[in-house]
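# Descriptive structure summary
The lines below spell out each chain.
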Amino acid sequence: MKFIKNLIKEIKKMYDENNIFAKILRKEIPCDKIYEDEFSLFFNDINPKAKIHVLGIPKFPCSNFSEFLKNADNENISSFFRSVELVINKLNIEKNGYRLITNTGQNGGQEVPHFHIHILAGEKIGVLR
Ligand code: 5GP
């Protein structure tokens, strides 16, 4: 237990607690919530790039996809990705299609350093670039 607590402390050191999604998770700033459970939170993007633009974030403190997979336990990881699927069903976008994106680092164009998945749908999203 002590080992796990120390590990979480170490992980938190690498993580910017003041990023905007950390503030949303702490309810310091509001969000337009779509779905929430013990492990994740889904909400509408403030600056939508498609008719439907939802962001999904794990509650586990991690800056990007690799850190999430490296540092979170299997329950966190599987629950988060199952929730992505659950939200896709809730949004009723399975039939017409959708795009999932996760940006990482400078080259990926990541703005907010808390791992998140963009769910884009509701219209043809178009080519990647
Ligand atoms: P990134 O570029 O990091 O992959 O995506 C960050 C996303 O977060 C952007 O699409 C941006 O519009 C969204 N975003 C930034 N600040 C806020 C906020 O305060 N609330 C919400 N709901 N979305 C935000």
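To be clear, the structure that these remarks concern was listed above.
A brief structural summary. Keep in mind the model is a prediction, meaning the values are calculated, not measured.

## Digging into the overall build of the protein
In terms of regular secondary structure, the protein is built from five helices and five strands. The order of helices and strands in the protein, counted from the N terminus, is α-α-β-β-β-α-α-β-α-β. Radius of gyration (C-alpha) of the protein: 15 Å, near the 14 Å computed for a compact globule of 129 residues. Scored against the burial criterion, the 129 residues of the protein give a buried share of 21%. Residue pairs at least 24 apart in sequence account for 57% of intrachain contacts in the protein once pairs closer than 6 positions are excluded.

## Observations regarding the environment of Asn19
Counting through the fold element by element, Asn19 comes out in the loop between α1 (2–13) and α2 (20–25). Taking the number of C-beta atoms within 10 Å as the measure of exposure, Asn19 has 16 and is therefore partly exposed. It is 9.6 Å that separates the C-alpha atoms of Asn19 and Glu111, two residues lying 92 residues apart in sequence. Once residues lying within four places of it in the same chain are set aside, the contact partners of Asn19 are Val112, Pro113 and His114.

## Some thoughts on the pairing of strand β2 (residues 40–44)
Pairing geometry for strand β1 (residues 33–36) and β2, over three bridges, is antiparallel. Looking at β2, one finds that Lys33 is bridged to Phe43. Here β1 folds back onto β2 in antiparallel fashion, the turn holding three residues. Strand direction decides the pairing type here: β2 and strand β3 (residues 52–58), joined by five bridges, are antiparallel. Paired with Asn44 across the bridge in β3 is Val54.

## A short note on the site of the ligand
Inspection of the region around the ligand gives 13 residues, with Ile46, Asn47, Asn103, Glu111 and Val112 positioned closest. Here the shell around the ligand is built from residues that sort into six nonpolar, five polar and two charged.

## A few points about the nonpolar core
Ranked by internal contacts, the top residues of the largest apolar core, which has 16 residues, are Ile57, Cys62, Phe68 and Ile119. Of all the elements in the fold, those that place two or more residues in this core are α2, β2, β3 and β5 (117–121). The biggest single contributor to this core is β5, with four residues. Residue contacts for Phe68: discarding those within four places in its chain leaves Pro58, Phe60, Cys62, Ile77 and Phe115.

Criteria and thresholds
Residues numbered from 1 in each chain as written. Predicted model: local features only at pLDDT ≥ 70, side-chain atom pairs only at ≥ 80, totals over all residues. Helix = DSSP H or I, 4+ residues; strand = E, 2+ residues; numbered from the N terminus. Rg over C-alpha atoms; globule rule 2.2 N^0.38 Å. Buried ≥ 20, exposed ≤ 12 C-beta atoms within 10 Å, placed from the backbone. Contact = placed C-beta atoms within 7 Å. Pairing = 2+ DSSP bridges. Near = placed C-beta within 6 Å. Nonpolar A, V, L, I, M, F, W, Y, C, P; charged D, E, K, R; others polar. Core = buried A, V, L, I, M, F, W, Y, C linked by C-beta atoms within 7 Å.

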